[in-house]
Amino acid sequence: MAFPTETVYGLGALARDDAAVARIFAAKGRPAHNPLIVHVADTAAAREVAHFDAIAERLAAAFWPGPLTLVLPLRDAGLSPRVTAGLPTVAVRVPAHPLARALLAAVGASLAAPSANPSGRVSPTTAAHVLDELSGRIDAVLDGGACPVGLESTILGLSPAPVLLRPGGLPAEALEAALGAPIARRDEAAAITGPGQMVSHYAPAARLRLDVRDPTPGEVHIAFAAPGPFTLTETGDLHEAAARLFATLRAADAAAGPGGAISVAPVPDRGLGRAINDRLRRAAAPR
Ligand code: TXA
Ligand code: MG
């Protein structure tokens, strides 16, 4: 069943139910080597599936519930082996959305949930986005309206030093302030630890040009800090831009049509802007 989180909609299955987890991979067309995030009700439940060190405890206390995923050593908690794709680590987070929390409380168990989109496509931030691409392949979607953050969670590896595996809805600056130290970014050249780090991802059908101040006639232009039919924010507010990013990409893609082209204005590369630019670069990458 799909459900809203504060970041994007997830497609959930009981994390201990192997057949249910298999259905997630089938519905998304997701490669079996790409592990899922385990969603839990609270830090106590997270400690049942993963080993927490002092840094993990500190970050959980500071940022959960919220848009932070921690990759930690896996405990033997009876999770379907498909959830972790055979890795010795597990990605875990406590979502903040009231419907996600109500669902976790109602089932009384952890839920494995990737974003509720076909593999490689733009993540859904409304129930309608979920149904557009997964209708007929899933049992249901809980409609909680538009997701307030609009970008997937920030993923931090602790092995044991903190490594930013995916920029996301929690700005890296907030993590660095809590840790009192700069966080290493995953070396782009290093082995892929999670296919969310694959270069081409979040792909619309149209071609995408970035950092465009003067759009070419015929291009659908996505503006930043300016009005327009497709704008991430009129005011330059990065929270608003993040919340609108995926819906705007979908709308621009539909307007551009098959073989069409989209251009996007420059987005400041700080705070949530870094995660926005990460998603835009992946959407623009050659496929
Ligand atoms: O905000 C979010 O994180 C949303 C909502 C639904 O919670 N979920 C989400 O899931 O974005 P998904 O599957 O689209 O992205 C999860 C990413 C993938 O890139 C996966 O490779 C990575 O997390 N991942 C999962 N387990 C991992 C692990 N043990 N080590 C490294 N990366 C991992
Ligand atoms: Mg995803």
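Residues numbered from 1 in each chain as written. Chains lettered and ligands numbered in written order. Predicted model: local features only at pLDDT ≥ 70, side-chain atom pairs only at ≥ 80, totals over all residues. Heavy atoms only, no water.

## Points about the overall build of the protein chain
For clarity, the cut-off: Segments assigned H or I by DSSP are reported as helices when at least four residues long, segments assigned E as strands when at least two residues long, and all are numbered from the N terminus. In this description the radius of gyration comes from C-alpha coordinates, and the expected globular size is given by 2.2 Å times residues to the power 0.38. Each residue gets one of three labels from its accessible area relative to the maximum for its type: buried under 20%, exposed over 50%, partly exposed in between, using a 1.4 Å probe on protein chains only. By definition in these notes, contact holds between two residues if any of their heavy atoms fall within 4.5 Å. Per-residue and other accessible areas follow the Shrake-Rupley method at a 1.4 Å probe size, with only the shown protein chains counted as cover for residues. Working convention for charge: Lys and Arg count positive, Asp and Glu count negative, and His plus the chain ends are omitted. Every charge is mapped to an atom, namely NZ of Lys, CZ of Arg, CG of Asp or CD of Glu.
The helix and strand tally for the protein chain stands at 9 helices and 13 strands. On C-alpha atoms alone, the protein chain measures out to a radius of gyration of 18 Å, which is about the 19 Å that the 2.2 N^0.38 rule sets for 287 residues. Across its three principal directions, the C-alpha atoms of the protein chain cover 55 × 45 × 35 Å. The buried share among the 287 residues of the protein chain stands at 52%. A separation of at least 24 residues holds for 67% of the contacts in the protein chain among residues at least 6 apart in sequence. Accessible area of the protein chain: about 11900 Å², with a carbon and sulfur share of 58%. Here the protein chain contributes 26 positive and 26 negative side-chain charges, whose respective centroids are spaced 3 Å apart.

## A closer look at the sheet that holds strand S9 (residues 162-166)
Put simply, the rule is: Strands pair, by our definition, only if DSSP identifies at least two bridges between them. Fitted lines through C-alpha atoms serve as axes, helices being fitted only where they are in contact, and the angles separating the N-to-C directions of these axes extend from 0 to 180 degrees.
Pairing in this open sheet of 8 strands is mixed, and the strands run S3-S7-S4-S6-S5-S8-S9-S10 from one edge to the other. Single-partner strands in this sheet number two, and they are strand S3 (13-14) and strand S10 (184-185). Contacting strand S5 (68-73) and strand S8 (154-158), helix H3 (residues 54-63) runs over the sheet at an angle of about 160° to S5.

## A word on the packing of helix H8 (residues 238-256) against helix H9 (residues 272-284)
For any two helices packed against each other, the geometry comes down to the angle between their axes and how far apart the axes lie. Our working rule: Any angle that is under 35 degrees is reported as roughly parallel, and any over 145 degrees as roughly antiparallel; angles of 65 to 115 degrees are reported as roughly perpendicular and all others as oblique. Crossing handedness is read from the near helix: turned anticlockwise from the far helix by less than a right angle, it gives a left-handed crossing, and turned clockwise, a right-handed one. The residue classification treats Ala, Val, Leu, Ile, Met, Phe, Trp, Tyr, Cys and Pro as nonpolar and Asp, Glu, Lys and Arg as charged. All others, Gly included, are polar.
Orientation of H8 relative to H9, taken along the N-to-C sense of each, is 15°, at an axis distance of 9 Å. By the angle between their axes, H8 is roughly parallel relative to H9. When the axes of H8 and H9 are compared, the crossing they make is left-handed. Residues Leu238, His239, Ala241, Ala242, Leu245, Phe246 and Leu249 of H8 lie in contact with H9, whose contacting residues are Leu272, Gly273, Ile276, Arg279 and Leu280. Here the contact of H8 with H9 is composed, by residue class, of 9 nonpolar, 2 polar and 1 charged.

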